[in-house]
Amino acid sequence: MRASNYTLKHRSSFDLVRSDLETVPFEDAMRTAIRWLIVKESEYEGSPIKEDLSGSDALKRALDYAMPEDYTGGDYNDDTWPALACASARDETGNPSTWIMEYDEADASNTEHRWHTTLCLTREDEKTCRVAIEVSVRPIDPNAAPLAIVAAVPALARSLFTMAGCKPYKDGFLLERNPHKLTRDDFEQFAKELEDQNRSFPYVLFCTGLDGHMPEHAKQLARRSMGLTNTYVLDWSDEELRTMEQDLFMRGSSAGEYACPKSSCRVYMPGLNLSDPTRSMSHISFDRHALEGTLPTKFAETLVRRFIPNTPIPCIADMAK
């Protein structure tokens, strides 16, 4: 069972779609999670988890595993050691179709707080694995103040998102791993995706100044929001590209209310309709002065907290329902 006073650090879900014939996304994602566990458990001398999951049969053993043996997920406060629970479900052919891992550990510098990582992997087919991950921290004493944390992409989430042999997608849209610098060749695709009603996550556009330099705000946002948004950068010094952007958001038209001018940034939320000028305020913008007045790290963290989904991901307790 989860405490009500936890602080969320990260929550995301995306599909890993294999990009080569050798990769099996579901199994490789499990291996990535097990490697992460081994690294974590290497900090504890005599770790039974490390010993149990280091062998050649680690994948099989991890399907249904608990340490301590009576731990079934949720908050664990019995001692300073970590607790791990893994549970799986199988399809009609007997193959693992879902794997959920919950790992609860004390904060490295403050044992009065504990971190909780929940990972749910779902085998969509042999080519696709759906990943859902959530990381939070809580005080053991329910009356204690929460631990101050920075919204960022945890190591496990980053390892899964950048897993070799796969590309991350959400609702059929490729999720960018870095700021995507728009070109004359792909701008039309970007414009099409902006208004695609199947897009369920934000697109953030930065337009540079006439120097064409990549904004540090864009770098920080892309780094901290993997799996939550796509960050795009348009070089305002490129006259043809600049004209394409101005034609899309033509001044004096309904679309003009959604413009992203030089040296500014705009967040395009899902459900964008450029023909409806009344909804433009729902897609927040930041002009040059707003960007210059905010540290890139602070700017990125503020937006990331806006983008984190409200719905918790599946946990082991949900498998029994």
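Here we summarise the structure given alongside this text. In this text, all values refer to a predicted model and were calculated from it rather than measured experimentally.

1. Here's the deal with the overall build of the chain
The helix and strand tally for the chain stands at 10 helices and 13 strands. What you see for the chain is a C-alpha radius of gyration of 22 Å, in line with the 20 Å of a compact globule of 321 residues. Seen through its principal axes, the chain has C-alpha atoms that stretch 65 × 50 × 35 Å. In the chain, which comprises 321 residues, the share counted as buried stands at 51%. In the chain, the proportion of contacts linking residues at least 24 apart, taken out of those at least 6 apart, comes to 66%. Averaging the coordinates of the 37 positive side-chain charges in the chain and doing the same for the 51 negative ones gives two points 3 Å apart.

2. Examining the packing of helix H5 (residues 187-194) against helix H7 (residues 239-248)
Relative orientation of the contacting elements H5 and H7 amounts to 25°, with a least axis distance of 11 Å. The orientation of H5 with respect to H7, classified from their angle, is roughly parallel. Here H5 and H7 pass one another in a crossing that is right-handed. Touching Phe187, Glu188, Ala191 and Leu194 of H5 are Leu241, Met244, Glu245 and Leu248, all from H7. When grouped by side-chain class, the residues that make up the contact of H5 with H7 number 6 nonpolar, no polar and 2 charged.

3. Observations regarding the packing of aromatic side chains
Evaluation of the coordinates by the stated rule reveals 13 aromatic pairs. Taken together through their ring pairs, the aromatic side chains of Phe173, Phe187, Phe190, Phe201, Tyr203 and Tyr232 make up a single cluster. Arg199 extends its terminal NZ or CZ atom over the ring of Tyr203, reaching a point 4.7 Å from the ring centre.

4. Looking at a negative patch on the surface
Negative charge collects at one region of the surface, where Glu69, Asp70, Asp78 and Asp79 lie side by side. Position of Asp79 among the secondary structure elements: in the loop between strand E2 (65-67) and strand E3 (83-90).

5. A few points about the side chain of Thr23
Relative to the helices and strands, Thr23 resides in the loop between strand E1 (7-18) and helix H1 (25-41). Within the structure, the side chain of Thr23 is placed 2.7 Å from the side chain of Asp20, a separation counted as a polar contact. Those residues within four positions of Thr23 in sequence are excluded, and the remaining contacts are Arg18, Asp28, Ala164, Gly165 and Cys166.

6. A few points about the nonpolar core
Grouped together as the largest cluster of nonpolar side chains are 64 residues, with contacts concentrated most on Trp99, Met101 and Leu119. Broken down by element, the residue count for this core peaks at 8 residues, all from H1. For Met101, the residues in contact, after removing those within four places along its chain, are Ala33, Trp36, Leu37, Leu84, Ala85, Cys86, Thr117, Thr118, Leu119 and Leu156. Core analysis: the next-biggest nonpolar cluster, separate from the first, contains 17 residues, Leu221, Leu303, Phe307 and Ile308 among them.

7. A word on the sheet that holds strand E8 (residues 173-174)
Reading across the sheet, the 8 strands line up as E2-E3-E4-E5-E6-E1-E7-E8 and stay open at both edges, with antiparallel pairing between neighbours. Two strands close off the open sheet at either side, each with one partner strand: E2 and E8. Lying on the sheet, H1 is in contact with E1, E3, strand E4 (96-106), strand E5 (113-125), strand E6 (128-139) and strand E7 (166-170); it crosses E4 at an angle near 15°.

Conventions and cut-offs
Residues numbered from 1 in each chain as written. Predicted model: local features only at pLDDT ≥ 70, side-chain atom pairs only at ≥ 80, totals over all residues. Heavy atoms only, no water. Helix = DSSP H or I, 4+ residues; strand = E, 2+ residues; numbered from the N terminus. Rg over C-alpha atoms; globule rule 2.2 N^0.38 Å. Buried < 20%, exposed > 50% of the residue type's maximum accessible area, 1.4 Å probe, protein only. Contact = heavy atoms within 4.5 Å. Lys, Arg positive; Asp, Glu negative; His and termini not counted. Charge placed at Lys NZ, Arg CZ, Asp CG, Glu CD. Axes fitted to C-alpha atoms, helices over the stretch in contact; angles between N-to-C directions. Parallel < 35°, antiparallel > 145°, perpendicular 65-115°, else oblique. Left-handed = near helix turned anticlockwise from the far one by under 90°. Nonpolar A, V, L, I, M, F, W, Y, C, P; charged D, E, K, R; others polar. Phe/Tyr/Trp six-rings, centres within 6.5 Å; stacked < 30°, edge-to-face > 60°. Lys NZ or Arg CZ within 6 Å of the ring centre and 35° of its normal. Patch = residues over 30% accessible without salt bridge, like charges linked within 9 Å, V, L, I, M, F, W, Y side chains within 5 Å. Areas by Shrake-Rupley, 256 points an atom, 1.4 Å probe, with all protein chains shown as cover. Salt bridge = Lys/Arg side-chain N within 4 Å of Asp/Glu carboxyl O. Polar contact = N/O pair within 3.5 Å; in protein donor to acceptor, adjacent residues only side chain to side chain. Core = buried A, V, L, I, M, F, W, Y, C linked by side-chain atoms within 4.5 Å. Pairing = 2+ DSSP bridges.

Honestly, that's just the spatial picture; any functional story needs more than this.
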